[in-house]
Amino acid sequence: MNTTKLDKIIKTLPKNRQRKIKARAVQLIQTEMSMQEIRKTTNITQEELALKLGIGQDNISRIENRLDIKLSTLNNYIKALGGKLRIVIEMPGDQKINLLLSK
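This one's a predicted model, so the numbers in the text were calculated from it and none came from an experiment. For every chain, the first residue of the written sequence is number 1, and numbering continues from 1 onward in sequence order. Residue-level local features of this predicted model are given only where pLDDT is at least 70; pairs of side-chain atoms are given and counted only at 80 or more, and the full residue set underlies all totals for whole chains, interfaces and linings. As a convention, hydrogens and water are excluded, and side-chain values are obtained from all of the structure's heavy atoms.

Visitor: So what's going on with unusual backbone geometry? Which residues, and what values?
Guide: The phi torsion of most residues other than glycine is negative, and most of the peptide bonds are trans. Even without being glycine, Asn 43 reaches a positive phi, approximately 60°. Asn 43 gets classed as exposed once you look at its relative accessible area, which sits at 68%. Positive phi, normally seen in glycine, also occurs at Asp 94, with a value near 65°. For helices the rule is a DSSP run of H or I covering at least 4 residues; for strands it is a run of E covering at least 2, with both sets numbered from the N terminus onward. Within the secondary structure, Asp 94 sits in the loop between strand 1 (86-91) and strand 2 (95-100). Between buried and exposed lies partly exposed: a residue is buried under 20% and exposed over 50% of the maximum accessible area for its type, with that area taken using a 1.4 Å probe on protein chains only.

Visitor: Explain the environment of Ala 50 residue by residue, including any values.
Guide: Inspection of the secondary structure assignment puts Ala 50 in helix 4 (residues 46-53). Remark: the alpha-carbon pair of Ala 50 and Ser 61, spanning eleven residues in sequence, is separated by 9.5 Å. It only takes one pair of heavy atoms within 4.5 Å for two residues to be counted as in contact. Once residues lying within four places of it in the same chain are set aside, the contact partners of Ala 50 are Ile 55, Gly 56, Gln 57 and Ile 60.

Visitor: Residue-level account of the pairing of strand 2, with values.
Guide: Strands qualify as paired when DSSP identifies two bridges or more between them. Strand direction decides the pairing type here: strand 1 and strand 2, joined by six bridges, are antiparallel. Residue Ile 87 lies in a different strand from strand 2, and its bridge partner there is Leu 99. A loop of three residues connects strand 1 with strand 2, the two strands running antiparallel in sequence, and Gly 93 in this loop sits at a positive phi of about 80°.

Visitor: Pulling in residues and values, what's your account of helix 4?
Guide: Every buried residue of helix 4 is accounted for by Gln 46, Leu 49 and Ala 50. All buried residues of helix 4 project into a common sector of 105° when viewed along the axis, lining one side. The outward face of helix 4, more than 90 degrees from its buried face, is lined by the exposed residues Leu 51 and Lys 52. Taken together, the buried residues of helix 4 touch helix 3 (35-41), helix 5 (57-65) and helix 6 (71-80). Of the residues flanking the end of helix 4, it is Gly 54, one or two places downstream, whose phi is positive at about 70°. It is the directions from the helix axis to the C-beta atoms whose arc is reported.

Below you can see the structure in the form of C-alpha cells.
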C-alpha cells in the first residue's frame, strides 16, 4: 500500500492554491474553538475574566462548559475578552448578513 502524507501533496500544488488551503484551514480551526480555547488565546485566566465580569470563577467554568448559552451571556463574555460578537445570518441565495451584538 502506497501512502502519501497530505503535506507532501499540498506542497506539489501551486503556491496560490497552498495559501488558499492554509487560509481555509485556519478559518475552520477558528470556527471550531470552544469558549475556553478562545479565552486561552487571549492569555486571560478564568479568575481574571471573572473579575472583569464581576462574577465568581466557578461561573466562568460553568459558562465555558455549557452547550446552550444566552446571547447576552456570550456577548458579555466576548466583550470582557476584548472582542466583538458577530453573528452571520445565511439567507437563501447566498446572502449573508452580519449581526453585530457588541458596540
